[in-house]
Amino acid sequence: MTDLDAFRAETRAWLEANCPAEMREPMREESDACWGGRNAVFKSVAQKAWMDAMAARGWTVPDWPTAYGGGGLSPAETKILKQEMARIGARNPLMSFGISMLGPALLKYGSEEQKTLYLTQIARGEIRWCQGYSEPGAGSDLASLQTRCEDKGDHWLVNGQKVWTSYADKADWIFCLVRTDPAAPKHKGISFLLFDMASPGVSTRPILLISGNSPFCETFFDDVEVPKDQLVGTLNKGWDVAKYLLGHEREMISGMGLGGQGESLGAALADVLADDPVLRADIARFDVDAMAFRAMSERFIDELKAGQAHSAQPSMMKYAGTELNKARHELVMAAGGSNALEWDSDRSRKGKSAREWLRTKANSIEGGTSEVQLGIVAKRILELPGA
Ligand SMILES: Cc1cc2nc3c(=O)[nH]c(=O)nc-3n(C[C@H](O)[C@H](O)[C@H](O)COP(=O)(O)OP(=O)(O)OC[C@H]3O[C@@H](n4cnc5c(N)ncnc54)[C@H](O)[C@@H]3O)c2cc1C
């Protein structure tokens, strides 16, 4: 038995013993996801037990160093853990912008003190983070952001407004882009700041979506005082941190809806497809594309871990993954017929398909639009100026 075989056997046995049966069921609704945080709400005893067991082993972030609350696993071991979790349908124990976005940026740019403090809290699900990038005048052109941050000697003073801040009203802390040098060229006067959403002067106002939910907010900062040691990386060089984090955000978004258990759409819709050959062909075509996308994702992740990734890859994945996810939900709606459009009936499970379909419309906007991703891919592949 090789070391990896032994690791697989041990992992399988541990998961069998520690993953509650309820946590092996597919997630059906928002509350099935565990987000942790200071005011964490657990849907069940099993959900909390599963998060705690995985966090105690460092497996909420299996490939982070053990010194920061991670599992210290190699890329090959991390892959085995994911395969073994998928084998029993184990849910992700902790959803977190800390894990998928801020953590990788802190590992690269954070000070030792910041890594020890924040990464450990993220790994244990103690702090829920939100992302303060977009502003009313800065979306695709993010570097135009205007939120001001002044050096007041013993603290930073932040004033301005963010928008589309997902879960800002539920988050404990924010990772935020601020302008620290208004006189510098726009990409050069930006810094990357962390602060507590409970600080005096921070307020949020939820924005309603067509899906009926309100997952994101306008976020206002009025004379918010932030301790000096909460700036990440070098003053006025926050754009480097921001771009690095965006690469990880795009990878995360690219996998949404498709990366998971790998169930074929044809299998999921088998009972409604019998007599529609055109729809069957469309779904078969989708399943082949989804399979190719999963294989491509796996290759990209291996290349990334080996330090061989092309700088255009996160944008390619983001573009392909989100367009595919939208196509998937178009097909689910087509298969559901007019029943799927019902908003409140039991027959449509309270409009579940329609709400999910509408939500996917945002996939090719959040984290940078499809048009912007295509622009980045073109620039980086062709090595054009500004790439
Ligand atoms: C569900 C969701 C969650 C989000 N969560 C967050 C969050 O937590 N934190 C956060 O900071 N932001 C968040 N955002 C904001 C998101 O990052 C922005 O919506 C996105 O970057 C686009 O910016 P914009 O909405 O201002 O559109 P604009 O930049 O105004 O774009 C409008 C249109 O112009 C096109 N366009 C713009 N520039 C170019 C170009 N150079 N080339 C070609 N076409 C172009 C775009 O593709 C788009 O079609 C979220 C957005 C969504 C939808």
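Look above for the structure.
Residues numbered from 1 in each chain as written. Predicted model: local features only at pLDDT ≥ 70, side-chain atom pairs only at ≥ 80, totals over all residues. Heavy atoms only, no water.

**Q** Please set out the overall build of the protein residue by residue, giving values where relevant.
**A** From N to C terminus, the protein includes eleven helices and eight strands. Here the C-alpha radius of gyration of the protein, 22 Å, is about what a compact globule of 387 residues would show, namely 21 Å. Overall size of the protein, expressed as C-alpha extent along the three principal axes, is 70 × 50 × 45 Å. Of all 387 residues assigned to the protein, the portion counted as buried reaches 47%. Sequence separation of 24 or more characterises 70% of the internal contacts of the protein that already satisfy a separation of 6 or more. Averaging the positions of the 45 positive and the 52 negative side-chain charges in the protein gives two centres separated by 2 Å. (Helix = DSSP H or I, 4+ residues; strand = E, 2+ residues; numbered from the N terminus. Rg over C-alpha atoms; globule rule 2.2 N^0.38 Å. Buried < 20%, exposed > 50% of the residue type's maximum accessible area, 1.4 Å probe, protein only. Contact = heavy atoms within 4.5 Å. Lys, Arg positive; Asp, Glu negative; His and termini not counted. Charge placed at Lys NZ, Arg CZ, Asp CG, Glu CD.)

**Q** Please provide a residue-by-residue account of the packing of helix H6 (residues 238-254) against helix H9 (residues 313-336), values included.
**A** Think of two packed helices as two axes; the pair is described by the angle between the axes and how far apart they sit. Packing of H6 against H9 leaves a shortest axis separation of 8 Å and a crossing angle of 25°. Comparing the axis directions of H6 and H9 gives the class roughly parallel. Of the two elements, H6 crosses H9, and the hand of that crossing is left-handed. Note on element contacts: H9 touches H6 through Pro314, Ser315, Met317, Lys318, Gly321 and Thr322, opposite Gly247, Arg250, Glu251, Ile253 and Ser254. The class makeup of the residues in the contact of H6 with H9 is three nonpolar, five polar and three charged. (Axes fitted to C-alpha atoms, helices over the stretch in contact; angles between N-to-C directions. Parallel < 35°, antiparallel > 145°, perpendicular 65-115°, else oblique. Left-handed = near helix turned anticlockwise from the far one by under 90°. Nonpolar A, V, L, I, M, F, W, Y, C, P; charged D, E, K, R; others polar.)

**Q** How would you explain the environment of Arg294 if you had to name every residue and give the values?
**A** Following the sequence through the fold, Arg294 ends up in helix H8 (residues 277-305). Separated by 192 residues in the primary sequence, Arg294 and Leu102 place their C-alpha atoms 24 Å from one another.

**Q** Explain the pairing of strand S5 (residues 190-196) residue by residue, including any values.
**A** Across the seven residues that make up S5, a large majority, seven, are buried. Pairing between S5 and strand S8 (residues 231-232): two bridges, direction antiparallel. Following the sheet pairing, Phe192 is matched in S8 by Val232. (Pairing = 2+ DSSP bridges.)

**Q** Please set out the site of the ligand residue by residue, giving values where relevant.
**A** Around the ligand, 17 residues are found, and the nearest of them are Ser134, Ser140, Trp164, Thr369 and Glu371. The contact in question runs from an oxygen atom of the ligand to an N or O atom on the backbone of Ser134, over 2.6 Å. Starting from 980 Å² of accessible surface for the ligand in isolation, the protein chains cover 63%. Looking at the shell around the ligand, the elements with two or more residues in it are strand S3 (155-166) and helix H11 (370-382). Top element by residues in the shell around the ligand is S3. It accounts for three residues. Each residue belonging to the shell around the ligand can be placed in one class, and the counts come to six nonpolar, eight polar and three charged. (Near = heavy atom within 4 Å. Polar contact = N/O pair within 3.5 Å; in protein donor to acceptor, adjacent residues only side chain to side chain. Areas by Shrake-Rupley, 256 points an atom, 1.4 Å probe, with all protein chains shown as cover.)

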